[in-house]
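# Architecture and fold: a report
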Amino acid sequence: MKALKERILKDGYSLPGGILKVDSFINHQMDPILMEEIGEEFIRRFSDLQIDKVMTIEASGIAPAIMVGYLLKKPVVFAKKKKPSTMKGMLVSKVFSFTKNCNYDICVSSEYLQSGDKVLFIDDFLANGNAAKGAMDLISQGGAELVGMGFIIEKSFQDGRALLDRDGVRIESLARIASLDDCQIRFAE
Ligand code: 5GP
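Here we summarise the structure given alongside this text. Here the structure is a predicted model, which is why all the values come from computation and not from measurement.

## So, unusual backbone geometry
- Here the bond from Glu 58 into Ala 59 is cis, since omega is 0°, no more than 30 degrees from zero.
- As for its position among the elements, Ala 59 is in the loop between β3 (53–57) and α4 (62–72).
- For Lys 73, which is not glycine, the phi torsion reads 60° and is therefore positive.
- Tracing the sequence through the fold places Lys 73 in the loop between α4 and β4 (76–79).
- The phi angle at Asp 182 is positive, at roughly 55°, despite the residue not being glycine.
- With respect to the helices and strands, the residue Asp 182 is situated in the loop between β9 (171–179) and β10 (186–187).

## Looking at the pattern of salt bridges
- Per the counting criterion, the structure on display carries 19 salt bridges.
- Between Lys 2 and Glu 6 there is a salt bridge, with its nearest N and O atoms 3.1 Å apart. Highlighted residues: Lys 2 and Glu 6, both in helix α1 (residues 2–11), separated by 4 residues, approximately one helical turn.
- Judged by its relative accessible area of 65%, Lys 2 is exposed.
- A relative accessible area of 44% places Glu 6 in the partly exposed class.

Parameters at a glance
- Residues numbered from 1 in each chain as written.
- Predicted model: local features only at pLDDT ≥ 70, side-chain atom pairs only at ≥ 80, totals over all residues.
- Heavy atoms only, no water.
- Helix = DSSP H or I, 4+ residues; strand = E, 2+ residues; numbered from the N terminus.
- Salt bridge = Lys/Arg side-chain N within 4 Å of Asp/Glu carboxyl O.
- Buried < 20%, exposed > 50% of the residue type's maximum accessible area, 1.4 Å probe, protein only.

What is shown is where atoms sit, not what they do.
Below, the structure written as structure tokens:
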């Protein structure tokens, strides 16, 4: 996606350790116009799928997921990172955080992930695929069906893509980064 790649080059920067900072338009301050274009691009790429529900993980996945859900006119459910004591029929999965270097639980109520639901997962980044695997676990615990996964940015030099490919997951990433070596952003295609 050309506009996204140009924006990453203009306003993104890389930190040592393979972290791409995009706080000025995705992860802290958000650009709603770009986010709308991102939503439209996901809709275009997944237009062959039947989708009943969009799923993401709080917090950074919510903005792109809501754009996709809005355009599809379908509900958007987000996995929470803190277990609310009031949640009914809680499904839980453990995730290792690449950026925070620790484990955390993600949870969702079984009320919102049900058998027969065709679920599209949307998130900001695909790195090692731990968050995506956690989401897949929740979807399967709920008896729902994962139909695809969409990421705004994929860091193709990490293991997530290969991990999800092995599970036969349909993936669409709007910008694929081949390397952040020497703090230089290089795209895969
Ligand atoms: P994974 O579970 O695939 O290793 O990492 C995915 C999650 O970690 C994303 O949802 C995102 O929040 C965070 N993340 C991973 N790599 C980066 C990065 O380079 N920059 C930012 N801003 N977040 C990242």
